[in-house]
Amino acid sequence: MLYCSNCGNPVMPGTHFCTKCGNAIANMPVPPPARPASSGGKKVAWILGGLAAFVVLGIAAVALIAYLLEPSVDPRAVSKAQDFLGDRERGSEVLRAVHLTADYHGHEFVRTKSLGEGAFAVVYRFNWDNDGVTDIAFQCDRTGFFEKLNVVSDNAGPLAQPFLAANLSIQVLGNLFVEGLGDSLTAENKQKLQKFVDDADAKGGLESYLMILQSVNR
């Protein structure tokens with residue numbers, strides 16, 4: 001805002017005479033027009049937003065490509081694993097190793113989980129005694145052959161924890177079991193089982209037994 005040098009009355013820029021006292025103000029400087037706000041900040045925001053969107057799309061594209069290139073689980077391999085592991089006699093053998101003194105009341109398939117590269121795990125729920133429940137995941141290779149197992153969950157008490165009783169008694173019962181197999185196993189396979197017995201490793205012994213048994217029956 002400009003002011004008259006004679007009376008101090010405010011005058012509009014470009015006015016030649018004061019509207020109050022008539023003083024000539026034609027030679028008073030007129031302030032330059034205000035410069036519009038710079039758009040540089042908006043441009044930077046747009047650039048940063050574009051870069052962020054590009055990064056997100058790139059990550060999504062990589063994840064999609066990895067998913068499409070990953071070998072899928074072969075249903076025939078899953079069926080082979082289920083035929084072997086779903087057998088009631090097999091279930092009873094597994095439960096005997098996991099919970100040595102428990103009464104086997106059946107087991108049922110729960111789900112299949114992909115482990116990548118075509119490998120997978122089949123999860124079975126074992127029912128034992130009055131209300132005992134133990135979920136076991138059997139990991140298999142892409143062709144359906146068993147490799148190892150893990151107890152996913154169970155409701156056993158402290159004295160019935162998985163493999164606890166079997167580990168304590170395996171050196172006695174394990175020797176009888178290996179001897180009872182007779183000529184059904186090769187000397188090499190017997191030696192593998194005997195090592196787990198000597199190491200008091202019931203879980204390792206069960207895994208080795210299942211692998212040998214499936215390979216014999218393939």
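From a predicted model like this one, the values you see are computed outputs, not experimental measurements. (Residues numbered from 1 in each chain as written. Predicted model: local features only at pLDDT ≥ 70, side-chain atom pairs only at ≥ 80, totals over all residues. Heavy atoms only, no water.)

1. Things to note about the pattern of salt bridges
Taken as a whole and judged by the stated rule, the model has four salt bridges. Here Glu 93 makes a salt bridge to Arg 90, at a shortest N to O gap of 3.4 Å. Of this pair, Glu 93 and Arg 90 both sit in helix H3 (residues 88–98), three residues apart, which is roughly one turn of the helix. Comparing Glu 93 with Arg 90 shows no difference in burial state: the two are buried. For the salt bridge of Lys 203 with Glu 207, the shortest nitrogen-to-oxygen distance reads 2.7 Å. Highlighted residues: Lys 203 and Glu 207, both in helix H6 (residues 202–216), separated by four residues, approximately one helical turn. (Salt bridge = Lys/Arg side-chain N within 4 Å of Asp/Glu carboxyl O. Helix = DSSP H or I, 4+ residues; strand = E, 2+ residues; numbered from the N terminus. Buried < 20%, exposed > 50% of the residue type's maximum accessible area, 1.4 Å probe, protein only.)

2. Points about the pairing of strand E5 (residues 132–140)
Counting buried residues in E5 gives eight out of nine residues, a clear majority hidden from the surface. Pairing of strand E4 (residues 119–128) with E5 involves nine bridges; the strand directions are antiparallel. The partner of Ala 121 across the bridge, within E5, is Gln 139. Counted along the chain from E4 to the antiparallel partner E5, the turn is three residues long, and its residue Asp 129 has a positive phi close to 50 degrees. Bridging between E5 and strand E6 (residues 146–154) involves seven bridges; their strand directions are antiparallel. When the sheet's bridge partners are listed, Phe 138 is paired in E6 with Leu 149. What sits between the antiparallel neighbours E5 and E6 is a turn of five residues, in which Gly 144 has the positive phi angle 100 degrees. (Pairing = 2+ DSSP bridges.)

3. Topic: the environment of Val 152
Residue position: Val 152 is located in strand E6. Given the relative accessible area of 45%, Val 152 is considered partly exposed. When the C-alpha positions of Val 152 and Arg 125 are compared, they lie 9.6 Å apart, and in sequence the two are 27 residues distant. With sequence-adjacent residues up to four places away left out, Val 152 is seen in contact with Asp 135, Ile 136 and Ala 137. (Contact = heavy atoms within 4.5 Å.)

4. Quick notes on the packing of aromatic side chains
This model, assessed by the stated rule, comprises four aromatic pairs. Clustering of aromatic rings is evident, with ring pairs tying together Phe 109, Tyr 124, Phe 126, Phe 138 and Phe 146. (Phe/Tyr/Trp six-rings, centres within 6.5 Å; stacked < 30°, edge-to-face > 60°.)

5. Here's the deal with the side chain of Thr 134
Along the chain, Thr 134 falls in strand E5. Engagement of the side chain of Thr 134 in a polar contact is seen with the side chain of His 99, the distance being 2.9 Å. Contacts of Thr 134, omitting those with residues within four sequence positions, involve His 99, Tyr 124, Arg 125, Phe 126, Trp 128, Val 151, Ser 153 and Asp 154. (Polar contact = N/O pair within 3.5 Å; in protein donor to acceptor, adjacent residues only side chain to side chain.)

6. Side note on the side chain of Arg 90
Among the residues examined, Arg 90 registers a relative accessible area of 10% and is labelled buried. From its side chain, Arg 90 meets the backbone oxygen of Phe 84 in a polar contact 3.3 Å long.

7. Brief notes about the sheet that holds E4
Spatially, the four strands line up as an open sheet ordered E3-E4-E5-E6, and their pairing is antiparallel. The outermost strands of the open sheet, each flanked by one partner alone, are strand E3 (104–116) and E6. Averaged over all adjacent pairs, the angle separating strand axes in this sheet is 20 degrees, with direction ignored. Most of the contacts of helix H2 (residues 75–85) go to E4, to which it runs at about 25 degrees, and overall it touches E3, E4 and E5. (Axes fitted to C-alpha atoms, helices over the stretch in contact; angles between N-to-C directions.)

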